[in-house]
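A closer look at the structure
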Amino acid sequence: MAALAITSCASSGKSPASEDNFDYTVDRFSDIEVLRYKVPGFEELTPNQRLYIYYLTEAALAGRDILWDQNGKYNLAVRDLVEGVYTNYSGDREDSNFKALELYLKQIEFGNGIHHHYSTDKFIPAFDRAWFEGQVELLSGKPSAEELATLLTVIFDPSVMAKRVNQAAGQDLILTSANNLYDGVTQAEVENYYASLKDTTDLTPVSWGLNARVVKENGKVTEQVYKADGLYGAAITRIVENLEKASEYAENDTQKAIIAKLVDFYRTGDLKKFDDYSIAWTEDTSSRIDFINGFIESYGDPLGMTGAWESIVNFKNEDASERTHTIASNAKWFEANSPVDPRFRKDDVKGVSAKVITAAILAGDAYPATPIGINLPNANWIRAAHGSKSVTIENITEAYDKASHGNGFNEEFVIDEATGKLLDDYLFITDNLHTDLHECLGHASGRLLPGVDPDALKAHGSTLEETRADLFALYYLADPKLLELGLLDNPDAYKAEYYKFMLNGLMTQLVRIEPGKDVEEAHMRNRQLIARWVLEKGADDKVVELVKRDGKTYLQINDYAKLRDLFGQLLGEIQRIKSEGDYAAGAALVEQYAVKVDPELHREVLDRYSHLDIAPYRGFVNPVYTPVRDNDGNIVDVTVSYEEEYLPQMLRYSRDYRTLGK
Ligand code: ZN
């Protein structure tokens, strides 16, 4: 639920492309690529709005140490030690030990601790332990011998704190997870503790455990609550101070009220107050500037309760949101003209509207690795009663898109230069439009015949639902209506998305599957179902072909108009299956087209991909916000700049936003 990796009703923001000299790439190490993102539109805000954002970004950066400490109890001490050795070092910077130390430092900064942000496995340093100890000796403020011995074990012994989040069934998930959300308690003790607190008849239950570390005191299980006068108090106090400064520059009273509720929660640690805040936040959909700041996602807790601290400050991208609005407000036309049996169409369809935002800062669990969309709050009862807010962070998707240009992927897999150029010119906009149409209209379109069980398609339900939404988007991407609405400016633009979609469904998405395995994930199955079905149905007319050149397989699309027609035909059939609840037909389509992989093609794709140096994980440095002062030293405005590099940013944050630890 509420996973941050979702996209919603995204926009078709224009790609500022060609004349853009912005350098998106910052650093590359291990399995990581670090990028930077722009904050377009910041200069056009009023000074008051910029000041509001500025103090919210300060409140965001002030929480950095909380996440580090949540991720592991020695993380802050290890960071101090390694940063200390790194900055104090005066020897040869090409020395292999120093190089390995630098890599390790980059890794722990990216992981917000000693574990990988995604796999949660501990990083293994490649520098020599004795060399490191020698460097520590040279530090002025070095830890005591006892502390140092502990830290050296934590850094160098691969069996100690091996995994941050252990999800392996059959083990005590708390005792085997190295995070710092629990201490001295077993999984059973924690489960019993919360079972005794929970009232299962409560229709508006608080999110138990969201803001607490569970420990044993005098033999009794108890919570150390995260709050201004509790655990992480110094960091929370600094967050609160900056939220209160921000409040002075709020755009409206609604924002002031939201901040007041959040501050109240941070001061008391009372989870009821967090729900009050979440409701007020959810209901504010009209302010230009928005932010999250708190204990939000619980993926870092094997029991899924404690929220990792994070913050994202953002403002609405008015132009891009205008485009999602255009699509949503024409929902009726799209529904009435869709290539499905009129019996299965909705009489009155309401587009799902959502906004597109520009991130101004990423912090805590959203930094450096970050989501491209947010859908919050997480509490189920609040979502049911008050709804949720869905956003797409378009300056982040844009940075990803820009940074992918020239990474060799298209050169390897796209059939010819003309098609490559088509993708360069139109993939960003058509990809975003695809998402718009998929989310705003596709899922919302169509209806079930009376009496049909919405769960009739059972285990194949989500695959077929994604297939339906994708086909709706693909069909309309080629429609002249998009030109008429001003969403596209070239009648051939859609071909970029058609080519990429088919290439992905037939070949390139296979890079995410291990040799010998089937396609399992619903979105991947849906793409392969569509691509394999049209490949087969269009075979006689040679609409789409897989051709061999120099021993390599390429996708060749010969007839885009007929391809669109095939998408329309399949949409008609999938909608029929859904509307009638025809499980047997749905299962047959999935089994025939979506699951099995051609082992020879799979091997070829994996081999070609392995020769490209593409980092599996990416993250970002933040822009730098600099206050502008008047003659009396008062902050009157803020400027933004983008020059800061990766490690310098991390070292600056460690220095300027240090709130916890010794
Ligand atoms: Zn979907």
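Our subject is the structure listed above.
Below, the structure is looked at part by part. (Residues numbered from 1 in each chain as written. Predicted model: local features only at pLDDT ≥ 70, side-chain atom pairs only at ≥ 80, totals over all residues. Heavy atoms only, no water.)

Topic: the pattern of salt bridges
The full count for this structure, using the stated rule, is 43 salt bridges. Between Arg 79 and Asp 65 there is a salt bridge; the shortest N-O distance is 3.1 Å. Of this pair, Arg 79 sits in helix H3 (residues 75–88) while Asp 65 is found in helix H2 (residues 64–71), placing the two residues 14 residues apart along the sequence. A salt bridge links Arg 343 to Glu 580, with the shortest nitrogen-to-oxygen separation between them at 3.9 Å. Taken together, the positions of Arg 343 in the loop between helix H12 (331–336) and strand S8 (355–364) and Glu 580 in helix H21 (residues 560–580) put the pair 237 residues apart, joining distant regions of the chain. Among the residues examined, Arg 343 registers a relative accessible area of 43% and is labelled partly exposed. By relative accessible area, Glu 580 is classed as partly exposed at 33%. Several salt bridges share partner residues, and in doing so they unite Asp 341, Arg 343, Glu 573, Arg 576, Glu 580 and Asp 582 into one network. (Salt bridge = Lys/Arg side-chain N within 4 Å of Asp/Glu carboxyl O. Helix = DSSP H or I, 4+ residues; strand = E, 2+ residues; numbered from the N terminus. Buried < 20%, exposed > 50% of the residue type's maximum accessible area, 1.4 Å probe, protein only.)

What to know about the coordination of the zinc ion
Coordination of the zinc ion by the protein involves His 438 (NE2), His 443 (NE2) and Glu 466 (OE), with metal-donor separations of 2.1 to 2.2 Å. Mapped onto the sequence, the residues coordinating the zinc ion show the spacing H-x4-H-x22-E. Note on His 438: relative accessible area 7%, which makes it buried. (Donors = N, O, S within 2.8 Å, 3.2 Å for Na, K, Ca; no water.)

A look at the sheet that holds strand S13 (residues 617–621)
If you walk across this open sheet you meet the 3 strands as S1-S2-S13, and the pairing is mixed. Looking at strand neighbours, the two that pair on one side only are strand S1 (25–29) and S13, the edges of this open sheet. Adjacent strand axes in the sheet meet at a mean angle of 20° when their direction is disregarded. The strands touched by helix H4 (residues 96–111) within the sheet are S1, strand S2 (32–36) and S13, with S1 carrying the most contacts at an inclination of about 115°. Set on the sheet, helix H14 (residues 394–404) makes contact with S2 and S13; between it and S13 the angle comes to about 120°. (Pairing = 2+ DSSP bridges. Axes fitted to C-alpha atoms, helices over the stretch in contact; angles between N-to-C directions. Contact = heavy atoms within 4.5 Å.)

Observations concerning the side chain of Arg 164
Counting through the fold element by element, Arg 164 comes out in the loop between helix H6 (145–156) and strand S3 (182–183). Buried within the structure, Arg 164 lacks any salt-bridge partner; its nearest side chain of opposite charge belongs to Asp 365, at an N-O separation of 6.0 Å. Setting aside chain neighbours within four positions, we find Arg 164 in contact with Asn 71, His 115, His 116, His 117, Thr 120, Ser 177, Ala 178, Asn 179 and Gly 300. (Lys, Arg positive; Asp, Glu negative; His and termini not counted.)

A look at the nonpolar core
If you look at the biggest cluster of nonpolar residues, it comprises 124 residues, and the most contacted ones within it are Phe 132, Leu 243 and Tyr 266. Element by element, the count of residues in this core is highest for helix H1 (residues 47–61), at 9 residues. Each residue touching Phe 132, except ones within four places of it in the same chain, is listed here: Leu 81, Val 82, Val 85, Leu 101, Phe 127, Leu 152, Ile 155 and Phe 156. Counting residues in hydrophobic clusters, the runner-up holds 72 residues, among them Leu 471, Leu 477, Ile 513 and Val 543. (Core = buried A, V, L, I, M, F, W, Y, C linked by side-chain atoms within 4.5 Å.)

Focus: the pairing of strand S9 (residues 373–376)
Put simply, side chains in a regular strand alternate between the two faces of the sheet. Alternating positions in S9 separate into two faces, Gly 373 and Asn 375 on one and Ile 374 and Leu 376 on the other, with burial throughout. Direction of pairing for S9 relative to strand S10 (residues 389–393): antiparallel, over a ladder of 4 bridges. Directly across from Gly 373, in S10, lies its bridge partner Thr 392.

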